[in-house]
Amino acid sequence: MSGIQEVLLSRRTVYRFKEDSVENSFLDLAFKAAAHAPNHKNTNPWRYYVLGESARSLLLPEVERLSRSKMSGQPAKDIESGLKRAVSKIMSPPVLIAVSSSLTPSDSFREMEDYAATACSIQNFCLSLWGNGIGTQWSTGTITRADSTYEALGIPKERERIVGFLKVGYPEILPEKEKLDVESIRTYLS
């Protein structure tokens, strides 16, 4: 099996990361791979915003609001526990990246193509890192749609849509992986 095939078949979403920092050289390789994703008419619609500690902290009021709203009616100790987990999801990954895709309100088909290209770019980014032993998680929670997130990060909502956050780091635990058999996803038409 070729090296690329092994990377494709072994990749998985990582939910728990070691505290070890990720070398910028690996991130740069991944950004280069991301930039080489296919995109119709070379629109290059993706933007990657690497969030340092200060930028992440700007997200915490919305994280807390969403967490409290989601857990309303629960006992206070459960709310506090849930709040700590929600804050940890933003603050604990060694690297956190917001990814956006360009908007084209006047051309919904272009917007769909650009979103698909951004998804390809994210896959290239994740596979590049995985090939170097670094895991990722693509998260698309409610926070990616909140106006306050756009404001906090300075992402122009009228021109870009946040398609998710990428959590990046060395895996603490590798989750088991179950995928569908090829026969269940493939149909030959004659």
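All figures in this text were calculated on a predicted structure; none of them were measured in a lab.

Participant: Now, about the overall build of the protein: what can you tell me, with residues and values included?
Facilitator: When its secondary structure is counted, the protein shows seven helices and four strands. Along the protein, helices (α) and strands (β) appear in the sequence α-α-β-α-α-β-α-β-α-β-α when read from the amino end. Overall size of the protein, expressed as C-alpha extent along the three principal axes, is 60 × 45 × 40 Å. Scored against the burial criterion, the 190 residues of the protein give a buried share of 39%. For the protein, the accessible area works out to roughly 11500 Å², and carbon and sulfur atoms hold 52% of it. Positive and negative side-chain charges in the protein, numbering 24 and 23 respectively, have mean positions lying 2 Å apart.

Participant: I'd like a rundown of the packing of aromatic side chains, residues and numbers included.
Facilitator: In this description, a pair of aromatic rings is defined by centroid distance and the angle of the planes. Here the structure, examined in full by the defined rule, presents three aromatic pairs. Measuring from centroid to centroid gives 5.5 Å for Phe31 and Tyr48, while their planes differ by 75°, and the two rings are edge-to-face. Here Tyr48 lies in strand β1 (residues 46-50) and Phe31 lies in helix α2 (residues 24-35), a separation of 17 residues in the sequence. Assessed through its relative accessible area of 23%, Phe31 is described here as partly exposed. With relative accessibility at 18%, the residue Tyr48 sits in the buried group. Aromatic rings pair up to connect Phe31, Tyr48 and Phe125 into one cluster.

Participant: Help me get a handle on the pairing of strand β4 (residues 160-169), residues and values and all.
Facilitator: In terms of residue burial, β4 counts as a mostly covered element, since nine of its ten residues are buried. As defined by bridge partners, strand β2 (residues 95-102) adjoins β4 across eight bridges and the pair is classed as antiparallel. Note on β4: the bridge partner recorded for Leu96 is Lys167.

What counts, and where the lines are drawn
Residues numbered from 1 in each chain as written. Predicted model: local features only at pLDDT ≥ 70, side-chain atom pairs only at ≥ 80, totals over all residues. Heavy atoms only, no water. Helix = DSSP H or I, 4+ residues; strand = E, 2+ residues; numbered from the N terminus. Buried < 20%, exposed > 50% of the residue type's maximum accessible area, 1.4 Å probe, protein only. Areas by Shrake-Rupley, 256 points an atom, 1.4 Å probe, with all protein chains shown as cover. Lys, Arg positive; Asp, Glu negative; His and termini not counted. Charge placed at Lys NZ, Arg CZ, Asp CG, Glu CD. Phe/Tyr/Trp six-rings, centres within 6.5 Å; stacked < 30°, edge-to-face > 60°. Pairing = 2+ DSSP bridges.

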